[in-house]
Amino acid sequence: MAIRRGRGVAAINYPTGMNLGGDPTQALVHSTPTGNFMVTLSSVDLGQGMKQIMAQICAETIGVPTDRVVVDTADTDTGPHCMGTFASRGTHRAGNAVIQAAKEARQVMLEVAAEELEVNASDLETDGKGNIQVKGAPQKSISIFDVALSAHFKRGRSISGRGMFLIPRSYPEKETGAMKPSTCYAHACTVAEVEVDDETGEVTVLTVKNVFEIGRALNPKMVEQQLVGGSWMGISHALYETTEPYYPNRDHGGTDFNQYLMPGPGDLAQTEIIVLERPSADGPFGAKGPGEMCANPQIPAIANAVFDAVGVRIDTLPITPERILRALKAQAAG
Amino acid sequence: MAKVPVQFTLNGSEKAEFIESGTTLLHALRDKIGDMSPKGACHQGTCGACSVIIDGELRLSCLTLAETCNGAAIRTTAGLAEGGVLHPLQRAFLDAFATQCGFCTPGMIMAAKVLLDRTPNPSREAVVEALSGNICRCTGYEPIIQAVLTAARANSQNAA
Ligand code: FES
Ligand code: FES
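Residues numbered from 1 in each chain as written. Chains lettered and ligands numbered in written order. Predicted model: local features only at pLDDT ≥ 70, side-chain atom pairs only at ≥ 80, totals over all residues. Heavy atoms only, no water.

## A closer look at the side chain of S280 of chain A
Residues and elements named next belong to chain A.
Right, so step 1: Note on placement: S280 falls in the loop between β11 (270–276) and α5 (298–310).
Right, so step 2: When its relative accessible area of 10% is taken as the criterion, S280 is described as buried.
Right, so step 3: With residues near it in sequence (within four places) discarded, S280 still touches C184, G215, G286, A287 and K288. (Helix = DSSP H or I, 4+ residues; strand = E, 2+ residues; numbered from the N terminus. Buried < 20%, exposed > 50% of the residue type's maximum accessible area, 1.4 Å probe, protein only. Contact = heavy atoms within 4.5 Å.)

## Digging into the domain arrangement of chain B
For an interface, size is often stated in terms of accessible area lost upon the parts coming together.
Residue and element names in this part refer to chain B.
Right, so step 1: Entries for chain B in the domain assignment read domain 1 (3–79) and domain 2 (88–159).
Right, so step 2: Taking only C-alpha atoms into account, the centre of domain 1 sits 22 Å from that of domain 2.
Right, so step 3: Listed by partner, the interface residues are 17 residues for domain 1 and 13 residues for domain 2.
Right, so step 4: Around 1,200 Å² of area is buried between domain 1 and domain 2 when both sides are counted, 64% of it from carbon and sulfur atoms.
Right, so step 5: Contact with domain 2 buries surface across domain 1, with I53, L58 and T77 losing the most and accounting together for 39% of the total.
Right, so step 6: A salt bridge links E57 to R118; its shortest N-O distance comes to 3.4 Å.
Right, so step 7: Across the contact surface, domain 1 and domain 2 share five residue pairs in polar contact (both at pLDDT 80 or more).
Right, so step 8: The set of elements that each furnish at least two residues to the side of domain 1 that touches domain 2 consists of β3 (51–54) and β4 (57–60).
Right, so step 9: Per-element tally for the side of domain 1 that touches domain 2: the top contributor is β3, with three residues.
Right, so step 10: Counted by class, the side of domain 1 that touches domain 2 contains six nonpolar, eight polar and three charged residues. (Domains from an automatic or database assignment. Buried area = accessible area lost by both parts, 1.4 Å probe. Salt bridge = Lys/Arg side-chain N within 4 Å of Asp/Glu carboxyl O. Polar contact = N/O pair within 3.5 Å; in protein donor to acceptor, adjacent residues only side chain to side chain. Nonpolar A, V, L, I, M, F, W, Y, C, P; charged D, E, K, R; others polar.)

## As for the packing of aromatic side chains
Right, so step 1: Within the structure shown, the criterion is met by one aromatic pair over all chains.
Right, so step 2: Between W232 of chain A and Y141 of chain B the ring centres are 5.4 Å apart and the planes differ by 85 degrees, which places this aromatic pair in the edge-to-face class. Of this pair, W232 of chain A sits in helix α4 (residues 220–239) while Y141 of chain B sits in the loop between α4 (124–131) and α5 (142–159), on two different chains. Pair check on accessibility: W232 of chain A and Y141 of chain B agree, each one buried.
Right, so step 3: It is R89 of chain A that lies over the ring of F86 of chain A; its NZ or CZ is 5.6 Å from the centre. (Phe/Tyr/Trp six-rings, centres within 6.5 Å; stacked < 30°, edge-to-face > 60°. Lys NZ or Arg CZ within 6 Å of the ring centre and 35° of its normal.)

## Here we look at the interface of chain B and chain A
Right, so step 1: At the interface, 22 residues of chain B touch 21 residues of chain A.
Right, so step 2: Interface of chain B and chain A: buried area, both sides summed, is about 1,600 Å²; carbon and sulfur atoms make up 61% of it.
Right, so step 3: Together, F97, Q100 and R137 of chain B form the three largest contributors to the area buried by chain B at its contact with chain A, with a combined 43%.
Right, so step 4: At the junction of chain B and chain A, the tally comes to one salt bridge.
Right, so step 5: R137 of chain B is the salt-bridge partner of E241 of chain A, the closest N and O atoms lying 2.5 Å from each other.
Right, so step 6: For the pair chain B and chain A, the interface holds three residue pairs in polar contact (both at pLDDT 80 or more).
Right, so step 7: Among the elements of the structure, α4 and α5 of chain B are those that each provide at least two residues to the side of chain B that touches chain A.

## Considering the domain arrangement of chain A
All names here are of chain A.
Right, so step 1: According to the domain assignment, chain A contains domain 1 (3–16 + 184–333) and domain 2 (25–165).
Right, so step 2: On a C-alpha basis, the centroid separation for the pair domain 1 and domain 2 is 40 Å.
Right, so step 3: Contact residues are listed per partner, giving 18 residues for domain 1 and 20 residues for domain 2.
Right, so step 4: Across the interface of domain 1 and domain 2, roughly 1,300 Å² is buried in total on both sides, 59% from carbon and sulfur atoms.
Right, so step 5: Together, T16, P284 and F285 form the three largest contributors to the area buried by domain 1 at its contact with domain 2, with a combined 37%.
Right, so step 6: The tally of links between domain 1 and domain 2 comes to seven residue pairs in polar contact (both at pLDDT 80 or more).
Right, so step 7: Of all the secondary structure elements, the ones that give two or more residues to the side of domain 1 that touches domain 2 are β1 (3–15) and α4.
Right, so step 8: Ranked by the residues each element gives to the side of domain 1 that touches domain 2, the list is headed by α4, at three residues.

Rendered as structure tokens:
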């Protein structure tokens, strides 16, 4: 009986979005009378940072500072349609829709500015600080504040745009069954080190080293926080979380989330995160979906590390002490 | 059911309410007084989201009857900022990206505040111990631990 150490590796690729009846998200963008921009969505921000990212995408496309953009999300009764925040699709689908809507709004904004400055709209550019100026002659400029006032009160224009991003439904090929269930793929690889007590079956995760390839990181600090949290969640899925009874008798199963095991702040593995950026061809500014993917590779890596440590393959999650002890017993019985 | 009067201070200001006997402090704070900073998640004392400070002690407001708080001084995360300036713990949580959905955050901050009030320069182990009654689904805890350690350092620099 001993504490045995093992190391496991696993690599995954993870689809962005899904293929049910087509995968659409719509967005609307409009300016207020004072030249702030409003993005209206039905997509949900549940802490992953959707609002911040959509504000960045809209601001970058229109050419204004991010703090000039307000994002209104998640009233599915009144907002433009979104399939939802799942399948790591939010940034990719909603982001593409916001770009399209913001482009249209920018075009109207430039047209109004062109009338005010008595120049051609195609000769205008934004300075990124809230002004529109003539290319090559920045002294001839007008603030977006004044452009919005003019549009609203003088010229009767709506500085607004509509965006729609749709991945059409993919039907399986008759012969092969092959289909394209998603667009771009994110990738990850994890190396996990564990200690397994072959007397009690308990697993301690010592280290997890993760590399994530997520397209372009539109907000690197928020990407990092999601990956750190996700890596922890992967360990939690591998070793703890289940709605089934931890032991075979249903009476011993959890009845609510109070009995749903998750590791606490005292059970943290030493965690390393490396982000690789390979911009995707069809993502907004090259982004892919890092959302769900980040909690996946730890699971097979830990299962492999357990195999390396004590020589048993656990293929049912979570990898509980009981499952390890039963497998060890079966192995000994040979 | 007969209503009972209850009187306490919340973040320094006097509060008086008539509540139904058996009302939890969590319910009284959120639904009677309108302080939404303590969160209700498990309502059974296992998650820490509803943590508040009562007379300097960390308490679970979902397990505390409001009528037992007569005369008490209650503090919540909503009362931490002063004159629009965030408390060092709030600042540190933001800077460390220690909050995602934010549901655990007020409870975490209350637990951390009681720790720092007593132990201005805690070890990492002491921080982990202080937070061990609070569950977080999103962050993986490490950013929260780092935020508390950073706030402690900021405090001791101000004191020095
Ligand atoms: S709501 Fe009070 S401990 Fe969970
Ligand atoms: S930030 Fe979501 S539970 Fe902690």
